[in-house]
Amino acid sequence: MHHINPSIKAGTVTIAAIVIAFLFDPLALLLYIGWTIAVTLLFGKVQIKKYLLYLLPFTLFAVGMLVSTLLFAKTPENPSITQQFLLWELPRETVQDALALAIRVFSYSTLSLLFVLTTDKVAFILSLIQQCRVSPKLAYGILAGYRFLPLLKDELTTIRSAHLIRGAKTKTSRFSRYKQYTIPLLASAIRKAERTAIAMESKGFTGERDRTFYRTYNTSWTDWIFAAVMLGAIALCIIVSKSFQ
Amino acid sequence: MTQALLEVDQLTVTFEEESTPTLDDLSFTVQEGESILLLGPSGSGKSTLTYCLNGLYPKELDGKMSGSIYFAGSKIEDFKSGKINLEVGTVFQDPETQFCMLTVEDEIAFGLENKKISPDLMESEIDRVLSLVGLQHRKKDQIHTLSGGQKQKLALAAVLALEPRLLILDEPTANLDPAASKDLVETIRHLKEEQEITLLIIEHNIDYWLPIINRTMLLDQDGSLFFDGDLSEAVNMYDEELQQRGIWLPEAALLAKQAQLPKPWPLTIDLLPPDLQFQTKTSEVLQKKEQIIQVENAVFRNKEKVLLDIPALTIKHGEFLAITGKNGSGKTLLSRQITGLLKPTAGDIEVLGKKLRRWKTNELYQQIGYVFQNPEHQFLTDSVWNEIAFGQAVNADEIQRVLEDIQLAAQADKHPFTLSQGQKRRLSVSTMLVQKPQLLVLDEPTFGQDSHTTEVLMDLIWRHHQRGCTIVMITHDMELVDRFASRVLIVDQGRIVADDQPAGIWKRKDLSDYGLSLPAKEAYNKRTQEDSLYASY
């Protein structure tokens, strides 16, 4: 999994997500979720514990979707056909809609996790330049910016302390406090960005596409097999689900 | 005559919003193999010159540039985009903002990719430059795990990979502790022996570079070339002018001046004559007995490890305490703990006889002040005047007096962010002092400042200390420790490893283990003692 070309992986996941958007069969979706999780855990070398931890917030979100769709559903066309769901007797249509929606949200989460947990960020960005012809200027800019995130967090803590010690009022409104922090934070972010840009240019970076690569990312037949299998699995899930009904 | 590597002819740069040029009619030539030290007061256009030489200007310049620069006989503008950067490499001062990749090898590869080197050759090239700077063992590591000194070596390696003929070092040691600075200079000296490379070194700290440089250029405040020749000549002919412009003299020359030796003054301690007498520190504030800070068993840890472990520490009223040690040893962390800015994971800290958690925040910060490393972090208002007036019941005369004291009266209406580096620093220290705190903590107040700002600052701090303010100052500057501190703490890996008066500290043999060095006076005394020891044999 980690060796699948990141661009192809991203493309496959995106296409799968689009196809799923038009799939309303809860059983087929459930099967596909099972498939995605299995692929992630078996071929992605992801620890189960870590995986479940990441999945938890998405699960809560999906359950939330389920409950709210059940409670605030539109009036069904055939209210007489009902179905036992957990403790309630609810119109079957409502239950189906709600389940389909919640399951879809859940399957998006498993797909995203499949990508995020098995892909190196740097590899993804470098592969975007090499396979998807993304401009190096943009891609290396994102990489450089990525380095800044932890720095900015530290800086915000420092600014907060520095203002505290000046006796700046802490009980002012949240908005004016953010304004107070924004100016020094922005000033230093701009300065840092400028310095990094200068350092990059000083190493001969021009933003042109014409450059060599230390880490080359190629597409091989395994990448295409991965794409075919992931997308083919959707069709398979639909067929299996149909055969049950 | 061989062709000059670099020829600058009547270079003038004027920024759009400025009325006077930043670089004024600059002409000089650089021969292959020279090592040039470029000195100048802050704001004299040293960095601007760097950008002109490596081709960033006029491309990125908001303003006008006239005159011409020839590199190896061709005009810099005639180089293809990106090509001049491969000939002129630059190492900048801030270790945090020079990189765009996440790992050491990728960062070096970035330059090689720009140079369009075949991927097959990259690996060996990366190994070559890493071994030049002694970082082979960190090849696969994440950049953020490197120390400041290692980051600067990586920046150097990344530039060396491009095989430049001219290497510009733009204050590369400005953010390093003394030992890391010496180590970096040693690396560059070694490099210079290994390969033919021309160096242009911009620095505040002349002393480190003495073994390398063979020519000195001085820029004046107005961006014109004021001197070009031998450093010894510059120091001996223009010492007054240099000091007026805030340029640091070599420590040996300062000692010679103090001892009123006749010129010419030597540049290194080794060349000073024996038996010089220096004034020792006279004014010691009478120490009151009460303690202002008391720490008991304070521990601060993050998820992985203990970052600070202080079994006991007492700071008394009227002390001038210097905290020193390597970069990243926990000095700043300690200072944040004793001021309540960061709560310890376990243990007790008392300030003025009251536990930290019993203090109300605003009352506590009436009593103690803290000056942060970056002055901009502390500015709250939109003018210099308002900064001083903020939260204080002081009248206009008082504010005016304070502003004159820190030589900022003319800038009273300016936005604090638009001030120069030294001005910002003076203002931030002053905002803490107007409230007359009982304890003032300063985190590297003189870092990267010119000698002028350092003098003004230390004078200000010293006067408040005389009035009774207890001072805790984090610093790498051993000269300041020697001149001002009444007590020194050395922090290493989150622990206090030494707590003594300066005289006791200088006797230790393990200073370099903690990133420290001897102040010039002590280095001189040590040398003369050793000399007399030899003589007695």
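Calculation criteria
- Residues numbered from 1 in each chain as written.
- Chains lettered and ligands numbered in written order.
- Predicted model: local features only at pLDDT ≥ 70, side-chain atom pairs only at ≥ 80, totals over all residues.
- Contact = placed C-beta atoms within 7 Å.
- Helix = DSSP H or I, 4+ residues; strand = E, 2+ residues; numbered from the N terminus.
- Nonpolar A, V, L, I, M, F, W, Y, C, P; charged D, E, K, R; others polar.
- Domains from an automatic or database assignment.
- Buried ≥ 20, exposed ≤ 12 C-beta atoms within 10 Å, placed from the backbone.
- Pairing = 2+ DSSP bridges.
- Axes fitted to C-alpha atoms, helices over the stretch in contact; angles between N-to-C directions.
- pLDDT = per-residue confidence, 0-100.
- Core = buried A, V, L, I, M, F, W, Y, C linked by C-beta atoms within 7 Å.

## Some details on the interface of chain B and chain A
Stage number 1. Contact with chain B, which involves 48 residues of that partner, is made by 37 residues of chain A.
Stage number 2. Those elements giving two or more residues to the side of chain B that touches chain A turn out to be helix H2 (84-87), helix H3 (104-114), helix H4 (119-133), helix H5 (148-160), helix H11 (361-367) and strand S16 (368-371) of chain B.
Stage number 3. By residue class, the composition of the side of chain B that touches chain A is 24 nonpolar, 17 polar and seven charged.

## Section: the domain arrangement of chain A
As a measure of interface size, the accessible area lost when the parts come together is often cited.
Stage number 1. Splitting chain A by domain gives domain 1 (6-125 + 218-244) and domain 2 (136-202).
Stage number 2. Taken over C-alpha atoms, the centre of domain 1 of chain A sits 38 Å from the centre of domain 2 of chain A.

## Here we look at the pairing of strand S7 (residues 166-170) of chain B
Residues and elements named next belong to chain B.
Stage number 1. The buried fraction of S7 is high, at five of five residues.
Stage number 2. Going residue by residue along S7, you find Leu 166, Ile 168 and Asp 170 tucked away on one face and Leu 167 and Leu 169 tucked away on the opposite face as well.
Stage number 3. Sheet topology places strand S6 (residues 88-91) next to S7; four bridges connect them, and they run parallel. Across the sheet, residue Thr 90 finds its bridge partner in S7, namely Ile 168.
Stage number 4. Bridge count between S7 and strand S8 (residues 198-202): five bridges; the pairing is parallel. Its bridge partner lying in S8, Asp 170 is registered against Ile 202.

## Quick notes on the domain arrangement of chain B
Residues and elements named next belong to chain B.
Stage number 1. As far as domains go, chain B holds domain 1 (6-229) and domain 2 (319-342 + 359-526).
Stage number 2. Once you take the C-alpha centre of each, domain 1 and domain 2 turn out to be 31 Å apart.
Stage number 3. Across the contact, twelve residues belong to domain 1 and 14 residues belong to domain 2.
Stage number 4. Ranked by the residues each element gives to the side of domain 1 that touches domain 2, the list is headed by helix H6 (residues 178-194), at three residues.
Stage number 5. For the side of domain 1 that touches domain 2, a count of residues per class yields six nonpolar, five polar and one charged.

## Description of helix H1 (residues 46-53) of chain B
Residues and elements named next belong to chain B.
Stage number 1. Taking burial as the measure, the eight residues of H1 include seven buried ones, the bulk of the element.
Stage number 2. Among all positions in H1, only Lys 46, Thr 48, Leu 49, Thr 50, Tyr 51, Cys 52 and Leu 53 are buried.
Stage number 3. Immediately beyond the C-terminal end of H1, within one or two residues, lies Gly 55, with a positive phi of roughly 80°.

## Thoughts on the sheet that holds S7 of chain B
What links the strands of a sheet is backbone hydrogen bonding, and the strands pair in either a parallel or an antiparallel sense.
Residues and elements named next belong to chain B.
Stage number 1. Judged by pairing direction, the sheet is mixed, and its six strands sit side by side in the order S6-S7-S8-S3-S9-S10 without closing on themselves. One side of each edge strand has no neighbouring strand; the edge strands of this open sheet are S6 and strand S10 (225-229). Strand-to-strand twist across the sheet, computed as the mean angle between neighbouring axes with direction ignored, equals 15°.
Stage number 2. On the sheet, H1 packs against strand S3 (35-39), S6, S7, S8 and strand S9 (215-219) and is oriented at approximately 155° with respect to S7.
Stage number 3. Lying on the sheet, helix H8 (residues 231-244) is in contact with S3, S9 and S10; it crosses S10 at an angle near 130°.

## Brief notes about the sheet that holds strand S14 (residues 346-351) of chain B
Residue and element names in this part refer to chain B.
Stage number 1. Reading across the sheet, the four strands line up as S12-S11-S14-S15 and stay open at both edges, with antiparallel pairing between neighbours. Edge positions in the sheet fall to strand S12 (306-316) and strand S15 (354-355), since each has one partner strand and no second.
Stage number 2. The sheet contact formed by strand S11 (residues 291-301) and S14 spans five bridges and is antiparallel. Looking at S14, one finds that Val 295 is bridged to Ile 349.

## Description of the confidence of the model for chain A
Detailed reading of the predicted model is not advised wherever pLDDT is low.
Stage number 1. Averaged over every residue, the pLDDT of chain A is 88; residues scoring 70 or more account for 97%.
Stage number 2. Highest mean pLDDT in chain A belongs to helix H1 (residues 6-21) of chain A (94); lowest belongs to strand S1 (residues 82-85) of chain A (72).

## Focus: the nonpolar core
Stage number 1. With 145 residues, the main nonpolar core has Leu 38, Ile 108, Ala 157, Ile 201 and Leu 321 of chain B as its most contacted residues.
Stage number 2. Here this core gets seven residues from one element, more than from any other, and that element is H5 of chain B.
Stage number 3. Contact partners of Leu 321 of chain B, with chain neighbours within four places excluded, come to Ile 315, Ile 471, Val 472, Ala 485, Arg 487 and Leu 489 of chain B.
Stage number 4. Judged by nonpolar contacts, the second largest core, of 21 residues, contains Ile 4, Val 95, Met 230 and Cys 237 of chain A.

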